[in-house]
Amino acid sequence: PDPPMPAPATNPPTRRPRWQRWLIDAALIALVFAAVQLWQTRHVPAGPAPAFAGLLAAGGQGSLAAWRAAHPGGPVAVYFWADWCPICKAQQGSISGLAEGWPVLTVAMQSGDPADVAKVLAERGLHWPTVVDEDGAITARYGLAGVPALAVIDADGQLRSVAVGYTTALGMHLRLWWAKVVTG
């Protein structure tokens, strides 16, 4: 009998360097994140920001038009939140920090009447100008199915950016900065 033939030499599969694998993983995560954001904002209207008015938690009436008129020439942020939302609560510090450098009007969605919302704001030590959206109609006009959400409106009144879900403080600042750069 003939001796057995040796197996042909095979090159072991080459492995990508660790940094390339991490880069691919990061790109996939970013792609999934972008897809989720696109899905969550699919009903957000393009163009002019939807107008709204309502009762303020601090008393009186408030509106987007009045807020923009009080802060002319630059972008403004509208932050949609709810007292029952744990992510909104986790993001409170970022919103308060954002409001130190940018005009931020908040909208309390389905969180009760103005007295209820004022009580929540006081308990949490928040000094946000807040329009009360008892039935969620304002939030619905923006095409939002949930909170938290941050809408950036440029100096021309155009809805420039909407982020749904947790947004980093840096991400919020960059959205407002970009809206200012674009409308200069």
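Residues numbered from 1 in each chain as written. Predicted model: local features only at pLDDT ≥ 70, side-chain atom pairs only at ≥ 80, totals over all residues. Heavy atoms only, no water.

S.K.: In this structure, what is going on with the environment of threonine 167? I would like to understand it.
M.R.: Looking at the secondary structure, you find threonine 167 in the loop between strand E7 (159-164) and helix H6 (169-183). If near-sequence neighbours (up to four positions away) are discounted, threonine 167 is found in contact with Gln91, Met172 and Arg175. (Helix = DSSP H or I, 4+ residues; strand = E, 2+ residues; numbered from the N terminus. Contact = heavy atoms within 4.5 Å.)

S.K.: Hey, could you run me through the packing of aromatic side chains in this one?
M.R.: For any two aromatic rings, the description comes down to two numbers: the centre-to-centre distance and the angle of the planes. Under the criterion given, the structure shown has five aromatic pairs. A ring pair is formed by phenylalanine 52 and tyrosine 142, whose centres lie 6.1 Å apart and whose planes are at 70°; its orientation type is edge-to-face. In this pair, phenylalanine 52 is assigned in the loop between helix H1 (18-40) and strand E1 (53-55) and tyrosine 142 in the loop between helix H5 (137-141) and strand E6 (149-153), connecting sequence segments 90 residues apart. The same class applies to phenylalanine 52 as to tyrosine 142, namely buried. Both rings, one in tyrosine 79 and one in tryptophan 128, keep their centres 5.9 Å apart while their planes meet at 85°; by these two values the pair is edge-to-face. Remark: tryptophan 128 occurs in the loop between helix H4 (114-123) and strand E5 (130-133) and tyrosine 79 occurs in strand E3 (residues 76-81); sequence separation between them is 49 residues. For the pair tyrosine 79 and tryptophan 128, one class covers both residues: buried. Members of the aromatic cluster, joined through ring pairs, are Phe52, Phe80 and Tyr142. (Phe/Tyr/Trp six-rings, centres within 6.5 Å; stacked < 30°, edge-to-face > 60°. Buried < 20%, exposed > 50% of the residue type's maximum accessible area, 1.4 Å probe, protein only.)

S.K.: Is there a simple way to explain the packing of helix H3 (residues 86-99) against H6 in this structure?
M.R.: For any two helices packed against each other, one specifies the crossing angle of their axes together with the interaxial distance. Two numbers describe how H3 lies on H6: the axes approach to 9 Å, and their chain directions differ by 35°. For H3 against H6, the interelement crossing comes out right-handed. Contact residues: Gln91, Ser94, Ile95, Gly97 and Leu98 in H3; Ala169, Met172, His173 and Leu176 in H6. (Axes fitted to C-alpha atoms, helices over the stretch in contact; angles between N-to-C directions. Left-handed = near helix turned anticlockwise from the far one by under 90°.)

S.K.: Would you mind going over the side chain of aspartate 154 with me for this structure?
M.R.: Within the element layout of this structure, aspartate 154 appears in the loop between E6 and E7. For aspartate 154, the side chain forms a polar contact with the main-chain nitrogen of aspartate 156, separated by 2.9 Å. Of note is the side chain of aspartate 154, whose polar atom sits 2.6 Å from the side chain of arginine 160. Once residues within four sequence positions are removed from consideration, aspartate 154 is found in contact with Arg68, Gly74, Pro75, Arg160, Ala179 and Thr183. (Polar contact = N/O pair within 3.5 Å; in protein donor to acceptor, adjacent residues only side chain to side chain.)

S.K.: What exactly am I supposed to notice about the pairing of E5 here?
M.R.: Regular strands place side chains that alternate from one sheet face to the opposite one. Here E5 shows a buried face lined by Thr130 and Val132 and a second buried face lined by Val131 and Asp133. With four bridges connecting them, strand E4 (residues 104-109) and E5 associate as parallel partners. The residue of E5 that forms the bridge with alanine 108 is valine 132. Once you follow E4 into H4 and on to E5, the crossover reads as right-handed. (Pairing = 2+ DSSP bridges. Right-handed = clockwise from strand over helix to strand, strands pointing away.)

S.K.: Would you mind showing me how to read the pattern of salt bridges here?
M.R.: Any two side chains of opposite charge can pair if their charged atoms end up close together. A full pass over the atoms with the stated rule returns one salt bridge. Its salt-bridge partner being aspartate 154, residue arginine 160 comes within 2.6 Å of it at the nearest N-O pair. On the accessibility criterion, aspartate 154 (0% relative accessible area) is buried. (Salt bridge = Lys/Arg side-chain N within 4 Å of Asp/Glu carboxyl O.)

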